[in-house]
Amino acid sequence: MLIFPECNVEQRSQKTTRLSQADDSPLLCLEHITQRFSVGGSLWSRKKTLTAVDDVSLTLARGESVGLVGESGCGKSTVGRIACGLLSPSQGRVVFDGRDLPPAGAKSWAVGRIQMIFQDPASSLNPRLCIRSSVAEALISKNMQCEKRKECADAILADVGLAGVGDRYPHEFSGGQRQRIAIARALITRPDVIICDEPVSALDASVQAQTLNLLRDAQTRLYLAYLFISHNLAVVGFFCRRILVMYLGQIVEEAPTEEIFTAAVHPFTQALLAAMPNFTRKNKADNVLRGELPSPLALPNACHFHPRCPKVKEICRKEAPPWREIGQRHYVRCWQLL
Ligand SMILES: Nc1ncnc2c1ncn2[C@@H]1O[C@H](COP(=O)(O)OP(=O)(O)OP(=O)(O)O)[C@@H](O)[C@H]1O
Ligand code: SF4
Ligand SMILES: [Mg+2]
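About the criteria used
- Residues numbered from 1 in each chain as written.
- Chains lettered and ligands numbered in written order.
- Predicted model: local features only at pLDDT ≥ 70, side-chain atom pairs only at ≥ 80, totals over all residues.
- Helix = DSSP H or I, 4+ residues; strand = E, 2+ residues; numbered from the N terminus.
- Rg over C-alpha atoms; globule rule 2.2 N^0.38 Å.
- Buried ≥ 20, exposed ≤ 12 C-beta atoms within 10 Å, placed from the backbone.
- Contact = placed C-beta atoms within 7 Å.
- Domains from an automatic or database assignment.
- Nonpolar A, V, L, I, M, F, W, Y, C, P; charged D, E, K, R; others polar.
- Core = buried A, V, L, I, M, F, W, Y, C linked by C-beta atoms within 7 Å.
- Pairing = 2+ DSSP bridges.
- Axes fitted to C-alpha atoms, helices over the stretch in contact; angles between N-to-C directions.
- Near = placed C-beta within 6 Å.
- pLDDT = per-residue confidence, 0-100.

1. A closer look at the overall build of the protein
- Across its full length, the protein holds 10 helices and 12 strands.
- Computed over C-alpha atoms, the radius of gyration of the protein comes to 21 Å, within 12% of the 20 Å expected from 2.2 N^0.38 for 338 residues, which places it in the range of a compact globule.
- On the principal axes, the C-alpha backbone points of the protein span a range of 65 × 55 × 40 Å.
- Buried residues in the protein amount to 41% of all 338 residues.
- Taking the intrachain contacts of the protein between residues at least 6 apart in sequence as the baseline, contacts between residues at least 24 apart amount to 65%.

Written out as structure tokens, the structure is:
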């Protein structure tokens, strides 16, 4: 059970008030985000432009969990890094709590309010720092005395089930415990939003469930919003209220979780569902995903999914399908049903 330390009493009481005033107004908005990277370039070859994210828009309300799911290399982490201000997009805006996020690297008024948890917690923990110092480090920007920071770190470590081990070093912990330390490090600044980038993919199934429960517990108590990134639709389905499906840099379908599992329309979403071991659906075999994800350096014309789509029509190769609403908060980018 999470017991929050006495530090940040003011923020805690604000969040308790917010809990009783739940609303759907957007807290974090990504508006028409495009991210291009310049790659290659040598004596023998020219630089090429890779489009990792192509006109992605999404919103996250206070206390909401939104899932972003797609194949490896489709641009999920790039969206995550842009959403928390680690990367400035080539085009588009990120609006947090009504204000534009400052460019990546600039001093930010939002520091600590949007946190990120990565797949590999070891990479975000300094091996030379004891875990108490690693966790307390996140509070340096808060102008808090060293002793107070350590006190808060011990308390938050106890909250995530790691009481009395603050003097130990990252290598002394298992993968699941290290992810708990990373979660403590994210929670200690009392963020409004956490971007979780494949937070459980490196963990055993039993530890995955414990970690997801810990994140859920923290959400209820702190009224956190999560952007939950994963290639695993089952995990996203368990954790999120709404799901966005991404393919080659674009969002191809967005709907409430229940709707994705019962009434997905986009053939790529249907293929992800068909790949789930326990998912039973008529024509499951027709939906199995064929071929590899094409390179983002050479995006297929019109509908990016057309070379792999079992339902491809002539128009799919000629014109990009529009993004349209087909039900309550259900959107799709596909020529079907038109
Ligand atoms: N800094 C960079 N420079 C050049 N290309 C990049 C950079 N970052 C990402 N990319 C490319 O952008 C595309 C999307 O990468 P991204 O890491 O966002 O995908 P992902 O969906 O998170 O994949 P995974 O599931 O494997 O983590 C990939 O082709 C990747 O090689
Ligand atoms: S637009 Fe056409 S090719 Fe693209 S997903 Fe829909 S049916 Fe398939
Ligand atoms: Mg990634």
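2. Some points on the domain arrangement of the protein
- Here the protein is described as being made up of domain 1 (9–240) and domain 2 (245–333).
- For domain 1 and domain 2, the distance between their C-alpha centroids amounts to 27 Å.
- At the level of elements, strand S2 (47–61), strand S3 (65–69) and helix H8 (233–239) are the ones that each hand at least two residues to the side of domain 1 that touches domain 2.
- With 8 residues, the top contributor of residues to the side of domain 1 that touches domain 2 is S2.
- Here the side of domain 1 that touches domain 2 is composed, by residue class, of 10 nonpolar, 5 polar and 5 charged.

3. So, the nonpolar core
- Grouped together as the largest cluster of nonpolar side chains are 87 residues, with contacts concentrated most on Val135 and Val245.
- Summarising the domain contributions, this core has at least three residues from each of domain 1 (9–240) and domain 2 (245–333).
- Each residue touching Val245, except ones within four places of it in the same chain, is listed here: Val69, Gly70, Ile251, Val252, Glu253, His266, Phe268, Thr269 and Leu272.

4. A short note on the pairing of strand S10 (residues 250–256)
- Among the 7 residues of S10, 6 are classified as buried, and the element is accordingly described as predominantly covered.
- Two strands pair when backbone bridges link them, and strand S9 (residues 242–247) and S10 are joined in this way by 6 bridges, in the antiparallel orientation. The residue of S10 that forms the bridge with Met246 is Ile251.
- Hairpin connection from S9 to S10: 2 residues lie between these consecutive antiparallel strands, with Leu248 at a positive phi of about 45 degrees.
- Judged from the 2 bridges that link them, S10 and strand S12 (residues 330–333) form a sheet pairing that is antiparallel. Paired with Glu254 across the two strands is Tyr331, which belongs to S12.

5. So, the sheet that holds strand S5 (residues 99–100)
- A sheet is described by the order of its strands in space; here 4 strands give the open sequence S2-S1-S4-S5, paired in antiparallel fashion. Unpaired on one side and paired on the other, S2 and S5 mark the two borders of the sheet.
- Two strands pair when backbone bridges link them, and strand S1 (residues 26–40) and strand S4 (residues 91–96) are joined in this way by 5 bridges, in the antiparallel orientation. Bridge assignment links Glu31 to a residue of S4, and that residue is Arg93.
- Against the sheet, helix H2 (residues 76–83) touches S1, S2 and S4, its axis set at about 125 degrees to S1.

6. Brief notes about the site of ligand 2
- The full set close to ligand 2 counts 14 residues, and Cys303, His306, Cys309, Cys316 and Cys334 are the nearest of them.
- For the shell around ligand 2, the per-class residue count stands at 9 nonpolar, 3 polar and 2 charged.

7. What to know about the confidence of the model for the protein
- Summing up the model confidence of the protein, the mean pLDDT is 89 and the portion of residues at 70 or higher is 91%.
- For residues 1–13, every residue scores under 50 in pLDDT, and the model assigns this stretch 16 contacts once sequence neighbours within four places are set aside.
- In the predicted structure, residues 15–22 sits below a pLDDT of 50 and forms 6 contacts with residues beyond four places in sequence or in another chain.

8. Some thoughts on the sheet that holds S9
- The sheet built from 8 strands is open, its strands ordered S6-S7-S8-S3-S9-S10-S12-S11 with mixed pairing. Bordering the open sheet on either side are strand S6 (114–117) and strand S11 (323–327), each of which pairs with just one other strand. The mean angle between the axes of side-by-side strands here comes to 20 degrees, regardless of whether they run parallel or antiparallel.
- Lying over the sheet, H2 contacts S3, S6, strand S7 (193–197), strand S8 (225–230) and S9, oriented at roughly 155 degrees with respect to S8.

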